[in-house]
Amino acid sequence: MPGHKNRSQPVYQRIQRAIQQKIERGKLKPGDAVSSERELARAHNVSLMTARNALAGLERQGIVERRRGAGTFVAVPKVNYNQLVSTTELMAGRGFSVISRVLAARIVDGQPEIAARLGITGNSALVKLERLRQVEQEPLALETTYLAAAKFAELAVRPVERGSLFITLENRYQTQLAYADEEVDATVADQRAATLLRVSEGAPVLRIHQVIYSTQGEPILYVLGLYRSDRHKLLIRRFRR
């Protein structure tokens, strides 16, 4: 029978599924308030404890977040760095849109260390793109990207606000990206970063330096990113020799 499976599910799972379906259908978006435990208990004719368990389970999965004194809200999805995919591509696969608020797009020079990382001479001109990455209007990361101006100068005039920079490089410049070398550490948000990322000044943020290479092994991008630590998760697989 069509409804038999649903009836056999534990009640707390049915509550969770109802909330997840609202998120999947766009009725609830990141940052939106979710019904309270009392409202869920009344709507589903269950005990307050059952409703509380349902929300606790969704919180453990990272689907909702509970803020003391404010209620329960749909969580901004966390970014997992396991594959070399752009934030835009990763979030699009989950049904979310990414907007890049361009803070700076210009040609710069006098960056010998960054030029060296890109395999070009120290006095070479670079394209500098500084972008605030947002998912459903919620800030995820502050990224500063450098590319060789000799090849990519147009990006200083036509920066990528919507869509993926990776895909733009592939389609507009026929540059296929293959892998990245990354240095990861923790730091704290200064006043400007805190304001842009909507965290308190001095809050911990994840800092990642990336050199991203083409399929020919040529360094294409140097990226310095500050990422909200509550919205990013770095997963590492280690093997014992």
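Our structure's up above, just so we're on the same page.
Predicted, not measured: the structure shown is a model, and the values here were computed from it. (Residues numbered from 1 in each chain as written. Predicted model: local features only at pLDDT ≥ 70, side-chain atom pairs only at ≥ 80, totals over all residues. Heavy atoms only, no water.)

A. A look at the side chain of Lys128. Note that Lys128 resides in strand S6 (residues 126–135). Each residue touching Lys128, except ones within four places of it in the same chain, is listed here: Ala104, Ala105, Arg106, Val108, Thr144, Thr145 and Tyr146. (Helix = DSSP H or I, 4+ residues; strand = E, 2+ residues; numbered from the N terminus. Contact = heavy atoms within 4.5 Å.)

B. View of the packing of helix H2 (residues 11–24) against helix H4 (residues 48–60). The interhelical angle for the contact between H2 and H4, taken along N-to-C directions, is 55 degrees, at an axis separation of 9 Å. One way to sum up the angle between H2 and H4 is to call them oblique. As for the relative orientation of H2 and H4, their crossing is right-handed in sense. Between H2 and H4, the contacting residues are Val11, Tyr12, Ile15, Gln16, Ile19 and Gln20 on the first element and Thr50, Ala51, Asn53, Ala54, Leu55, Gly57 and Leu58 on the second. Residue composition of the contact of H2 with H4, by class: 8 nonpolar, 5 polar and no charged. (Axes fitted to C-alpha atoms, helices over the stretch in contact; angles between N-to-C directions. Parallel < 35°, antiparallel > 145°, perpendicular 65-115°, else oblique. Left-handed = near helix turned anticlockwise from the far one by under 90°. Nonpolar A, V, L, I, M, F, W, Y, C, P; charged D, E, K, R; others polar.)

C. Just the packing of helix H3 (residues 37–44) against H4, in detail. Following both chains from N to C, one finds H3 and H4 inclined at 115 degrees, their axes separated by 8 Å at the closest point. As for the relative orientation of H3 and H4, their crossing is right-handed in sense. Note on element contacts: H4 touches H3 through Leu48, Ala51, Arg52 and Leu55, opposite Glu37, Arg38, Leu40 and Ala41. Of the residues belonging to the contact of H3 with H4, the class tally is 5 nonpolar, no polar and 3 charged.

D. Structural detail: H3. Within H3, the full set of buried residues consists of Glu37, Leu40 and Ala41. Down the axis of H3, the buried set is contained in an arc of 100 degrees. They therefore lie on one face. With respect to the buried face of H3, the exposed residues turned more than 90 degrees away are Arg38, Arg42 and Ala43. Among the structural elements, H2, H4 and strand S2 (64–67) are those in contact with the buried residues of H3. (Buried < 20%, exposed > 50% of the residue type's maximum accessible area, 1.4 Å probe, protein only. Arc of directions from axis to C-beta.)

E. Here's a closer look at the nonpolar core. Val127, Leu147, Phe152, Leu155, Leu169, Leu177 and Leu221 are the most contacted members of the largest nonpolar core, which totals 24 residues. Looking at this core, the elements that each hand over two or more residues are S6, strand S7 (138–148), helix H7 (149–152), helix H8 (165–173), strand S9 (204–214) and strand S10 (219–228). (Core = buried A, V, L, I, M, F, W, Y, C linked by side-chain atoms within 4.5 Å.)

F. Representation of the pattern of salt bridges. Scanning all chains against the criterion turns up 13 salt bridges. Taking the shortest distance from any N to any O, the salt bridge between Arg131 and Glu143 comes out at 3.8 Å. With Arg131 in strand S6 and Glu143 in strand S7, this residue pair connects regions lying 12 residues apart in the sequence. Note on accessibility: Arg131 and Glu143 belong to one class, buried. Residues Glu154 and Arg172 are paired through a salt bridge, measuring 3.8 Å at the closest nitrogen-oxygen approach. (Salt bridge = Lys/Arg side-chain N within 4 Å of Asp/Glu carboxyl O.)

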